[in-house]
Each structure stands twice: as structure tokens, then as C-alpha cells.
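Topology and contacts: notes
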Protein chains: 2
Amino acid sequence: VAATAERTGVAPERVWRDLGQYGRTNGIIADLIARHLALDEDIHVDPSSIVVTVGAQEAMAILLTGLFEPGRDMLLVSDPTYIGITGLARILNVRVVPVPSGDSGLDPAVVERSIVDASRHGRVRAIYDIPDFNNPLGTSPSVATRLKLLDVCRRHDVLIIEDNPYGMFAYEHERRPTLKSIDADGNVIYIGSFAKTLFPGLRVGYLVADQEVGSNSAKSGETVAAALSRVKSLITVNTPPLVQAIVGGVLLETGGSLEPIVAPKRAVYKTHRDTLVAALASEFHDLRHEVTWSSPAGGFFLPMTLPFHFGPQELRRCALDYGVIVCPMRFFCLDAVRTNQIRLSFSYVDPDAIRRGVKGLAAFVRDRLAAGAGDSDRRSSATDPTEASLAVA
Amino acid sequence: VAATAERTGVAPERVWRDLGQYGRTNGIIADLIARHLALDEDIHVDPSSIVVTVGAQEAMAILLTGLFEPGRDMLLVSDPTYIGITGLARILNVRVVPVPSGDSGLDPAVVERSIVDASRHGRVRAIYDIPDFNNPLGTSPSVATRLKLLDVCRRHDVLIIEDNPYGMFAYEHERRPTLKSIDADGNVIYIGSFAKTLFPGLRVGYLVADQEVGSNSAKSGETVAAALSRVKSLITVNTPPLVQAIVGGVLLETGGSLEPIVAPKRAVYKTHRDTLVAALASEFHDLRHEVTWSSPAGGFFLPMTLPFHFGPQELRRCALDYGVIVCPMRFFCLDAVRTNQIRLSFSYVDPDAIRRGVKGLAAFVRDRLAAGAGDSDRRSSATDPTEASLAVA
């Protein structure tokens, strides 16, 4: 508090009072977040277009509640995707249309076809995606693809909800621009999170919605963020000022960029990724034709394709008998594809555990193949996806 | 953390880790809240029936999302009522039916008639009320009335959502039991808050739902709290562990009762109430026939009836010209009644300011009466209710 008071020129008593009272619905650190976005993401927006939320999840709850007419408007989602968005859409009665993702993420041509098809049945309001180091696929589309995606959505008047919790965890040098940073037409609503850059227990995220409410012909002068603020006030009133203050303190301390905080974490996670990729190359050396995977350029996840179905039963067998937890990709899927894929999580697992885990996974795969499992293998009964992030362990 | 570790026997490293990670959806302090409820509210429930929420507002968001079929199920609300529940119902497309409140709060006969009438148009799922020191009316029904209300709702299979942020602020000795504490049939869902007992900036509340899911004939074995936990996980994932830890620390420190924390606040607020009532008696002495009010037995609010309409214009005039902010009761009303009433807030205003405020209000009333304002006075145009709690100031 003393540091905040000194750096901001606000009296310490007022800082304390602000932390103890309800405070502004949209939060008390929007200016600091705006500076962070400018420095770290090349996103330049007015602080008034930012709504601080109880994690990225509340940002999604606000957007689906505030922007969609339940039972009518449609949300397109890249498929597979984060189950927090599809679960939320289900309980809020927002219609969801899956758009299959490929090896490089969303394909603008597929998106356009999906928009056109879906538009026959109602209004397509938005498409949700995690472009950077996608969960669960680890993909990261090229700049050209991003520009095409923006163009498609602009032409069809469909908003893009860009969820970016992993963007700062790029392990190669050429980090690609967020959609928001190259959005010339105000078509992108951006969701940010401090769960990965700082820590999850903070529960601080935010949304950026600098669009004006209304159609192009009839602008109201009010930003979408201001309109969504009314929704936020009815869901949580405001984000606990104390946890906002922790984020604000860090952003004041570092001068606005999170780079000094993220750099050491990124180095650790990159080591984990490299360890995982090396272990896979070594342990699956003789199974190169049956098992494939791709090394993600950033983020927390690596997708892998097996020569047999992998569902809840296999998850259980792997965990109990082989000491490794991996997540069936189908848990993240709306359409019944990718039944042979799994998602490996490497962020929070140390290198020794990663090597042990990959050994266990390879043993499981070999045993299953020896037992005659093939692509036409029995399908495990589908069950509800689990909320937990499953890790090689 | 050290104190928590010592008192709970949990290793300090684990306490830190729990605070930094996502943690359990339903929270980490349910056992401490259960003990607080047993000690302070005579409510005895298993910790598994408690969901810790981001303030009482998120509890409402979870209940309306999880228990209501949008566009079909109906929520009855005491009218006037807290605008956070009616605003939320509006954005979630939950049908709301106002039940007029009287001088002693909800009248069970009126509730029964409303249930019967509304049931012709759909399912009445629940009724929302703040029985103790109602916001905005300050009412607190008798025990007999409470028992009748429980009986009516039981017979019609309507849940009661009891919102109790003010219950511990009883200024007379005979505090009445919460509905939940005398609910023999498991018909009450309880919402608690630490905003008033501790401080608002915490944003920690909770709901208690120990009912089993399903009808009486087909119980599923799962509590409603467990089912609502899935909704909570999709709205905010979990309540920030750090702010839960502050509440938990206080509850460990005091041995579970909030009485040592509340007692001094209660004494201060009682002084404010007494000051307000005395000031009204003195300043409105010659207007006893035109102006009426009742002294609340607890809580933060005193309702007052004027001999003319009081709306947004009068609110503005009072604030600008007479230095006092009072809230038109119509801001809290769904039905267009109580146009002559105002709500005075006295909790956060010191005695001198209360006396000045009442003087200002009396001057305003006299000037309006001298200018010929009467019951048939011009109606101010209705505007949206304001979120802010307005105080004599």
C-alpha cells in the first residue's frame, strides 16, 4: 500500500479505503492493464474499454450473458476447445456450433463455410478461439491466416472472442501478433488472464471490448465494455480489490511489462517442453509409424495421436498401472473426432517426472499394441470431460 | 499463514500452495463457515452443502442459472427488494413475479395467493426475500409469520431463497431465528455474506443448499450444493483463495463466531439508528401528520413516507440544494407503488452528518409543502435505479 501510494500519488488512507469498499465495477487497475497490453501485446486501448474480472472465466460468463440472445444467437467455437466456454454456453442456453480446427488452428475457409451454414439457422454472434498456443492443440496460426480470419469475420459481421492466457509463453523467437493487435475493424473482443503469468489463485482476468454498442450505421457512443459493466455488476458486483491490488502492485513494480516475471517461468516451461519432446523421440523411437505428435511453439500442451482409441478407461489404466496421467482429446471435442488423440501437459511437471511419465506412456502403448489394439479397437464409453488440467505425472 | 498452519495442523508450504493454485470450486473455508453458522445463526449444516462465492451476488447468479429454466420457471420476489436479484433475473431471462411486502415484511397469505396465481402461468421455483432487516424496508417478520411462510412454501413446493447480509445487526435483544434455522423440511436455500460483518472489499459470500437433488419421490443422493458447484466452476472457477483465507483467518482467530467482530460495529450502527430516529422526531415534530416513518429493529435502512412523490428529480434536488442523499423507494419496486416513500441509510454515516442530513431533508419537505406539493403532485419521470447505496450525507 505504501508503494502504491508513493507511485500513484494517492494517499495511503484512500488506498486502504478503496481496497475495503466495493469499488468500481470495472476494477481499479484498468490503466495498469492497458499499459501492460501496450508493452507486452502491442494492443493499444483506452482503460475504459477494460473490465477486470474474476479470472478469464467470468469474462466469458459476462460475454455470453451480455452479448447473446439465449436460444437464438450462435457462438462458433474452434473444436476441440477449452471446456469452460462450451460448458458455460450450455448452462446459459447459448447455441454452440463447432468449427473443426486443423494442425495450424482455425482455417479461415472452414470458418467462413461454418458461418454461412450456421447463419441459415440464426444469427452467428461470435467465434471463440485461443489462437496462441491453443488449449488443447498447442497450435498457433500464421500471420497470414490471422489476417484472413479477421477478414472473414469482418465481412460476415461476426465478433472474434480471442482468449489469450498462454501468449507470453512463446518458446521460439518469432512470436506472432495477437488478433486484437492487428484488428483494424474493431471486431475482436480480447480476454486476458494473470493465472499463468502470475498465479492461478489470484483469480484475476479481464476483457477488452472497445467497440461501440450498436451497428455501424447507428453507434450509441457507449463502448461494449461499458454495457458489459452492467452485466458484471449483477454477477460479482466487482472483482475483489485486494487481488486486483496484487496485480496492480506487480505492474507498478515492473513498470508495466510482465516480461521480467514471465521470462524465468518461460525458460522453465521451455525446458519442460524440450524434455518432453526429447523423451518422446527417444521412447517412441520404434513406434514412429504408429504414434505421431507435434512440438508446440509455446504454451502448455502437446497433442499426440495414438494407433487406438483413448478414452476414460485408457486414462484410468494409464494412471493406475503406468503412473502417467494424460487427457483424452475427446474431452475437449464437441464433434466425435480425434478419438485417438491425447493432450500432454508439461508446464507444471519437472523434467524427471516428464521422463518417467513418457516411459510409462510408451509402455502402455506397447502393451496395448501387443494385446492387439488397433484403430478399430473397442471404443471406451464417453463420459463427461473432467475440469482438471491433467498432466504427465 | 503461520497461524493457519498452526491452528489447522496443515504444513505452511501446503497453505501457501493452496492459496496460489485454483483450489476447490466450492472453496477452502466451508468447514469454518459451517461452524460460524452453527454458533451465530443456529444453522447446522454439513460443510459439503456450502458453496463459497464471490460475494452474495455470485450466489444469486449461481442459483438463478442453476435452478431456473429460463423463460419458464418463475421467481417470486418480495417487492420492493434488492435490485441485484431483479436485475440479474432480467439478464438471465428468469421470469420475476413481485409479491407486495407490508409493514412487517412478506405476508404468508399474500405469498400463497401469489403462488397460486403465478402457477397458472408456469412453475414457481422459488421466492426471494431478505427477512432480517430487509433492504429496503427494514422489516423483520415475527416467528409466527416465518413459520407460516415456511408452511406455505412447503405445501406448494416452492423454495425460499433467504438472503441474510444484515441478520447479525439486531439492535434489540430478541433477535428472531433465520428461516433456515427453523426450516424442518429442507425448503430454504440460504445466502450469507461477509460484506457487512467483515468488509465489502473482500467479496466473499456463500450459499447453503443442503437439499437433495430431485423430487421427494426420487432423490438422487447428490446435494443441490454439489450440483450448483458445477455452475460455479463455469462462472468464476473458484473464489480467490486469498480473500477466503482472510475470512478463514478471522474465523480461526475468533473461534468461529463473528460476534467479537460484529459487536462493536453493531453498537456504532445502533447509535446511528438512534441518532436518526431522534433527529427525525425532533425535525419533523410539526409534520407528524404528513410524514411517517418506522424505526427498524436492526440493519441499515429506515423507510419514510412523504406527502408527495419522491423520484429522481427530488433525489437530485435534495442532494444539490439540501445536502442530503436519500433513495426513492420506487428504485426498489417492480410494481409502481410506494412513490411517496424514501429509504434512509444510516450505517456508514456519522451522527453529526445524520443530524445535518435530517435537517436538510426536513427543510426540503417544508419547502415542497410550502410550494403547494401534495399527494397529487407531478410525477417525476422514472429512470433506472442506481446501484449505489445512498446515504444520508
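Above: the structure in question.
Everything in this summary refers to the structure shown in the same document.

Bringing the relation of the copies chain B and chain A into the picture now. Overlaying chain B with chain A gives an RMSD of 0.0 Å, the required rotation being 180° about an axis along which the chain moves by 0.0 Å. Here the transformation between the copies is reduced to the relation of a two-fold axis. The fraction of interface residues of chain B whose copies in chain A are also interface residues reaches 100%, indicating that both copies meet through the same surface.

A few words now on the environment of B:Pro303. All names here are of chain B. Of note, Pro-303 is situated in strand β9 (residues 301–305). On the accessibility criterion, Pro-303 (9% relative accessible area) is buried. Distance from Pro-303 to Thr-292, taken between C-alpha atoms, is 8.7 Å for residues eleven residues apart in sequence. With sequence-adjacent residues up to four places away left out, Pro-303 is seen in contact with Leu-137, Thr-292, Trp-293, Ser-294, Met-329 and Ile-342.

Here the focus is the pattern of salt bridges. All names here are of chain B. If you walk through the whole model with that rule in mind, you get 40 salt bridges over all chains. A salt bridge links Glu-58 to Lys-232; its shortest N-O distance comes to 2.8 Å. Placement of the pair is Glu-58 in helix α4 (residues 55–67) and Lys-232 in helix α8 (residues 224–235), with a sequence separation of 174 residues. Per residue, the accessibility class of Glu-58 equals that of Lys-232, and both read buried.

In total, this model carries 25 aromatic pairs over all chains according to the counting rule given. A centroid spacing of 5.6 Å and a plane angle of 85° characterise the contact between A:Tyr166 and A:Phe301, whose relative ring orientation is edge-to-face. Here the residue A:Tyr166 occupies a position in the loop between β5 (159–163) and β6 (188–193), and A:Phe301 occupies one in strand β9 (residues 301–305), the gap between them amounting to 135 residues. Residues A:Tyr166 and A:Phe301 agree in their burial class; the two are buried. The structure contains a cluster of three or more aromatic residues connected by ring pairs, namely A:Tyr166, A:Phe169, A:Tyr269, A:Phe300 and A:Phe301. In this arrangement the basic side chain of B:Arg368 is found over the ring face of B:Phe308, its NZ or CZ atom lying 5.1 Å from the centre.

Turning our eyes to something else, we now look at the sheet that holds strand β11 (residues 341–345) of chain A. Residues and elements named next belong to chain A. Here four strands make up an open sheet; going across it, the order is β8-β9-β11-β10 and the pairing antiparallel. Of all the strands in the sheet, the pair left with one neighbour each is β8 (292–293) and β10 (327–328). With five bridges joining them, β9 and β11 adopt antiparallel strand pairing. Considered in β11, the bridge of Pro-303 is made with Arg-343.

Taken residue by residue, the interface counts 36 residues in chain B and 36 residues in chain A. In total, chain B and chain A occlude about 3,000 Å² of area from one another, counting both sides; carbon and sulfur atoms represent 68% of this. Sorting the residues of chain B by area buried against chain A places B:Tyr22, B:Arg203 and B:Leu234 first, and these three jointly supply 21% of that buried surface. Where chain B meets chain A, there are zero salt bridges. Here chain B is connected to chain A by eight residue pairs in polar contact (both at pLDDT 80 or more). Of all elements in the fold, only α2 (12–20), α4, α5 (83–91), α8 and α9 (241–254) of chain B reach the threshold of two or more residues within the side of chain B that touches chain A. In terms of residue count, the dominant contributor to the side of chain B that touches chain A is α5(B) (five residues). When the residues that make up the side of chain B that touches chain A are grouped by side-chain class, the tally is 22 nonpolar, eleven polar and three charged.

All names here are of chain A. Sheet architecture is open: seven strands sit in the order β1-β7-β6-β5-β4-β2-β3, paired in mixed fashion. Lying at the two open borders of the sheet, with one neighbouring strand each, are β1 (50–54) and β3 (95–100). The mean angle between the axes of side-by-side strands here comes to 25°, regardless of whether they run parallel or antiparallel. By the bridge criterion, six bridges tie strand β2 (residues 74–79) to β3 in an arrangement that is parallel. If you follow Val-77 over to β3, its bridge partner there is Pro-98. Helix α5 (residues 83–91) contacts β2, β3 and β4 (124–129) of the sheet and is inclined by roughly 155° relative to β2.

What counts and what doesn't
Residues numbered from 1 in each chain as written. Chains lettered and ligands numbered in written order. Predicted model: local features only at pLDDT ≥ 70, side-chain atom pairs only at ≥ 80, totals over all residues. Heavy atoms only, no water. Least-squares fit on C-alpha atoms with pLDDT ≥ 70 in both. Contact = heavy atoms within 4.5 Å. Helix = DSSP H or I, 4+ residues; strand = E, 2+ residues; numbered from the N terminus. Buried < 20%, exposed > 50% of the residue type's maximum accessible area, 1.4 Å probe, protein only. Salt bridge = Lys/Arg side-chain N within 4 Å of Asp/Glu carboxyl O. Phe/Tyr/Trp six-rings, centres within 6.5 Å; stacked < 30°, edge-to-face > 60°. Lys NZ or Arg CZ within 6 Å of the ring centre and 35° of its normal. Pairing = 2+ DSSP bridges. Buried area = accessible area lost by both parts, 1.4 Å probe. Polar contact = N/O pair within 3.5 Å; in protein donor to acceptor, adjacent residues only side chain to side chain. Nonpolar A, V, L, I, M, F, W, Y, C, P; charged D, E, K, R; others polar. Axes fitted to C-alpha atoms, helices over the stretch in contact; angles between N-to-C directions.

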